[in-house]
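Residue-level structural notes
Next come the chains, spelled out residue by residue.
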Amino acid sequence: MSNNRRRAEALENIDALTLAVSVRSLPRMIGSLLSTQLTIQQLKVLTSIVVADRNTTSDLASSFDVSLATMSKLVERLVDQGLAERLTDAADQRVRRLLPTPLGRDVIGKIMAARPEMGADILDGLTIEELESLAVGLRAINRELQAAGHDG
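Residues numbered from 1 in each chain as written. Predicted model: local features only at pLDDT ≥ 70, side-chain atom pairs only at ≥ 80, totals over all residues. Heavy atoms only, no water.

It is worth spelling out unusual backbone geometry at this point. Residue D65 is not a glycine yet carries a positive backbone phi of 55°. Residue position: D65 is located in the loop between α3 (57-64) and α4 (68-80). Using a relative accessible area of 71% as the deciding quantity, one classes D65 as exposed. (Helix = DSSP H or I, 4+ residues; strand = E, 2+ residues; numbered from the N terminus. Buried < 20%, exposed > 50% of the residue type's maximum accessible area, 1.4 Å probe, protein only.)

If you want it as structure tokens, here you go:
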């Protein structure tokens, strides 16, 4: 069998397995989302605050295409829950920048990094050879993401 054909088959196999793992992991992943007391809109705003440090409420209102009043209420709820904070801009004292608190980063980190298929209970069932092979594959994916400029 040619290398091109082997590669095509391997990629097909990876696609099918990725879908199967995603479907089987969904119930575990949803648990992380359900355990948070945030609304979907609050979760989206908090994610934006975590990803793009130093936004203002007006920046967020504009990017979410909502009124400033609506965004102010959303941000206030996040601040009240200790997930975000407003800091005075060093260059312009009238501007308040939004920053995630350590708790806010932790909440988003846990939800975004939820990889139930990589949980200890699952990995414990793999042989040493399978674990080593998985590590090789993940290192290769990480290398290619870095090369493509997706290193966060």
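A surface patch of nonpolar side chains, amounting to about 270 Å² of accessible area, comprises L138, I141 and L145. Within the secondary structure, L138 sits in helix α7 (residues 128-147). (Patch = residues over 30% accessible without salt bridge, like charges linked within 9 Å, V, L, I, M, F, W, Y side chains within 5 Å. Areas by Shrake-Rupley, 256 points an atom, 1.4 Å probe, with all protein chains shown as cover. Salt bridge = Lys/Arg side-chain N within 4 Å of Asp/Glu carboxyl O.)

A separate point is helix α5 (residues 102-112). G104, V107, I108 and I111 are the residues of α5 that are buried. In an axial view of α5, the angular spread of the buried residues amounts to 90°, which keeps them on one side of the axis. Those residues of α5 that are exposed and angled more than 90 degrees off the buried face are P102 and K110. (Arc of directions from axis to C-beta.)

In this fold, D89 is placed in the loop between β1 (84-88) and β2 (96-100). Setting aside residues no more than four positions away along its own chain, D89 makes contact with V95 and R97. (Contact = heavy atoms within 4.5 Å.)

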